[in-house]
Each structure stands twice: as structure tokens, then as C-alpha cells.
Amino acid sequence: MPYRRPNPRPTTRTASAPGRRGRRAGLCAVLLTGFVTTAFAAGAVGPAAAADTGTGDGTTPATAQSVARVTTAVLDLDHPATKPQVRGKDVPYDTASIVKVDILSALLLQAQDAGRGLTQQERTLTEAMIEHSDNDAANALWREIGLAPGLKAVNKRLGLTSTVGGTGGLWGLTRTTASDQIGLLRAVFAADGTTSATKPALTTASRTYIRTLMTRIATDQSWGVSAASDSAWALKNGWLQRSTTGLWDVNSVGQVTSGTHHYLVAVLSDGNTSMASGIKTVESAARTAVTSARATG
């Protein structure tokens with residue numbers, strides 16, 4: 001049966017400015033990538049790979065002009081043989097912090113291969129990384145899994161074909177598609193852990209651990225695909241302001257329950273003029289996509 005865990009928090013949130021912890025996590029994302037701006041300039045890296053140097057408080061420079069785009073993908077877990085419904089162009093976006101689910105999956109799969117469970121320190125880091133979007137924890141675990149090469153090796157086993165890890169320590173600039181995110185979610189939330197391309201990679205215990213953390217997201221970060229749920233949900237969000245444009249990447253992925261069905265939902269967006277407007281875009285797109293999936297299911 002699909003994973004369900006009743007969530008005591010509200011299933012919808014307004015697209016207001018993030019709370020203290022949300023602002024701190026956003027600022028950490030800024031600081032994480034901001035220190036490499038000089039290195040990017042020296043390497044003549046193009047705008048698509050530019051580091052984030054904004055304030056992380058939801059504001060943008062006055063000159064920023066929105067070229068917002070959004071892509072959604074939805075899969076009905078109660079009809080897993082069907083293909084995901086994709087709305088918008090299924091092209092790569094920056095992950096920002098949604099990659100933390102992938103990092104955790106990689107850590108767990110590597111631990112499985114070694115025949116061990118997570119250490120207490122690893123559990124402390126993974127809980128902070130998922131529940132509070134802690135970037136220091138993500139930095140440590142990104143190094144532990146072997147940076148982008150480690151992520152690539154695991155994603156091959158999970159059936160992801162369009163996700164490319166960020167260079168060096170820049171895990172937030174990993175690129176992914178909505179369809180690949182559905183593949184990752186399916187490896188976590190499908191009853192048998194299978195994707196359309198692979199046999200089960202994560203054990204039942206590993207999948208349950210990821211699901212549980214995704215239901216414990218800090219209240220001020222529980223916006224996103226949860227807007228499409230009328231009861232239980234599990235999610236991870238990501239947000240990042242780009243230095244070259246002042247515009248925001250805002251993403252949300254997870255499982256929601258709507259009616260009697262369980263849906264995997266991935267919403268990726270960029271070009272938002274503020275974090276708040278990006279949240280509004282993501283939540284509206286999630287509701288539309290799930291409503292459409294219900295109508296055709």
C-alpha cells in the first residue's frame with residue numbers, strides 16, 4: 001500500500017514571506033554558493049551555472065525582470081503502471097534544496113551496500129538536512145556520498161537519467177527534470193520501491209526513513225505541494241536566488257493525498273521575481289496538476 005502518515009500541520013499555506021527558520025535556511029543557501037562567485041568568474045562559467053549571492057530574504061533587485069516558467073509532473077500511486085502527467089516543458093532546472101532527498105537516498109544506498117545502518121551522527125545530519133533544510137548538514141553529507149560522482153552512481157541505480165550533480169560543493173546547482181524527480185519519489189514512495197526503469201534499490205527500512213523525515217518538515221517550510229493535499233503529505237522544498245538575474249528558483253516535491261488517491265508531485269520553477277511569488281506559483285501549479293490527475297484517473 002502507498003505510504004500514508006497523517007500530518008498534524010495544516011495542509012495548505014499562504015505564499016507569505018518565510019518564517020525565521022525559512023529565512024535562515026534560504027540565507028544559508030546563499031552563503032553556501034556565494035563564496036564561489038569569484039571562482040565562477042575566473043572560470044568564465046555561463047549564467048546557467050552562476051552562484052547565488054542574494055540576501056535570501058525574499059527580495060530581489062529592482063532591475064530584476066521575471067521570465068518565470070514552471071513544469072509539473074504527477075503520478076497516481078494507486079495506478080503505478082500509468083506514466084506521469086507532465087505539464088510544461090520537461091527540461092532541467094536547478095534543484096536548490098530538493099536535491100537533499102537525493103543526497104539522503106545516496107547515503108542510505110551506500111550504507112546498504114556496506115551492510116550497515118546509519119551512524120548516530122549521520123542520523124543527526126540527515127534529520128537536520130531534511131526537516132530544517134540545514135545546509136551545513138547537506139555540505140557534510142554531500143562530501144560523504146562522494147559529491148556529484150557519488151550522486152551519479154546512485155541515480156543510475158535509481159533510474160534517473162536527467163539529473164546532473166552540481167560541481168564541487170555546489171549541490172544546490174544540481175540540475176534535474178520533473179520526470180526524474182517523479183522517478184526518485186517513486187523509488188521512495190512506491191509500495192515495492194520500484195521505478196519504471198529499475199528493480200528496487202532502497203530497502204523498505206531506507207524508504208520508510210526518508211518518508212518519515214519528509215512528513216516532519218519544519219512548519220515554516222511546509223508550503224509547496226502540500227497545497228494540493230486534503231489530508232496527509234510528505235515533501236521537500238528548495239529555493240535559491242540567482243546572482244546573475246536576481247530571480248528565484250522555487251521547487252517542491254513529494255507525495256500528497258487527494259480524495260482516496262495518493263499522488264507523487266514534482267513542481268519545478270525558475271525566473272520568479274521573489275521567493276513569495278515563487279511559492280504562490282508552485283502551490284497553484286501543484287493544485288492544478290493534481291486536480292487534472294484526479295479528473296483523468
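### Observations concerning the pattern of salt bridges
Going through the model one piece at a time under the given rule, you end up with six salt bridges. Across the pair Asp113 and Arg157 runs a salt bridge whose closest N-O atoms are separated by 2.6 Å. Separated by 44 residues along the polypeptide, Asp113 in helix α3 (residues 99-113) and Arg157 in helix α6 (residues 147-158) bring together distant segments of the chain. Residue class for Arg157 comes out partly exposed when judged on its relative accessible area of 37%. The structure contains a network of salt bridges with shared partners spanning Asp94, Arg175 and Arg242.

### Observations concerning helix α8 (residues 204-214)
In terms of burial, α8 is largely enclosed, as eight of its eleven residues are buried. All buried positions along α8 are accounted for by Ser206, Arg207, Tyr209, Ile210, Arg211, Thr212, Leu213 and Met214.

### A short note on the packing of aromatic side chains
Counted by the stated rule, this structure contains one aromatic pair. Sitting over the ring of Tyr93, Arg69 keeps its end group 4.3 Å from the ring centre. When the ring centre of Tyr209 is taken as origin, the NZ or CZ atom of Arg123, which lies over that ring, is 4.7 Å away.

### Some remarks on the packing of helix α4 (residues 120-131) against helix α5 (residues 135-144)
Two numbers describe how α4 lies on α5: the axes approach to 8 Å, and their chain directions differ by 125 degrees. Classified by the interaxial angle, the pair formed by α4 and α5 is oblique. Note that α4 runs across α5; the crossing there is left-handed. Of the residues in α5, those touching α4 at Glu122, Leu125, Thr126, Ala128 and Met129 are Ala137, Ala138, Ala140, Leu141 and Glu144. Split into classes, the residues belonging to the contact of α4 with α5 amount to seven nonpolar, one polar and two charged.

### As for the sheet that holds strand β7 (residues 261-272)
Spatially, the five strands line up as an open sheet ordered β2-β1-β7-β6-β5, and their pairing is antiparallel. At either margin of the open sheet sits one strand with a lone partner, and together these are β2 (85-87) and β5 (233-241). Along the sheet, successive strands turn relative to each other by an average axial angle of 10 degrees, direction set aside. As paired elements, strand β1 (residues 69-76) and β7 share eight bridges and run antiparallel to each other. Residue pairing for β7: Thr71 is matched across the bridge by Leu268.

Reading guide: rules and limits
Residues numbered from 1 in each chain as written. Predicted model: local features only at pLDDT ≥ 70, side-chain atom pairs only at ≥ 80, totals over all residues. Heavy atoms only, no water. Salt bridge = Lys/Arg side-chain N within 4 Å of Asp/Glu carboxyl O. Helix = DSSP H or I, 4+ residues; strand = E, 2+ residues; numbered from the N terminus. Buried < 20%, exposed > 50% of the residue type's maximum accessible area, 1.4 Å probe, protein only. Phe/Tyr/Trp six-rings, centres within 6.5 Å; stacked < 30°, edge-to-face > 60°. Lys NZ or Arg CZ within 6 Å of the ring centre and 35° of its normal. Axes fitted to C-alpha atoms, helices over the stretch in contact; angles between N-to-C directions. Parallel < 35°, antiparallel > 145°, perpendicular 65-115°, else oblique. Left-handed = near helix turned anticlockwise from the far one by under 90°. Contact = heavy atoms within 4.5 Å. Nonpolar A, V, L, I, M, F, W, Y, C, P; charged D, E, K, R; others polar. Pairing = 2+ DSSP bridges.

Take it as geometry only, folks, not as evidence of what the structure does.
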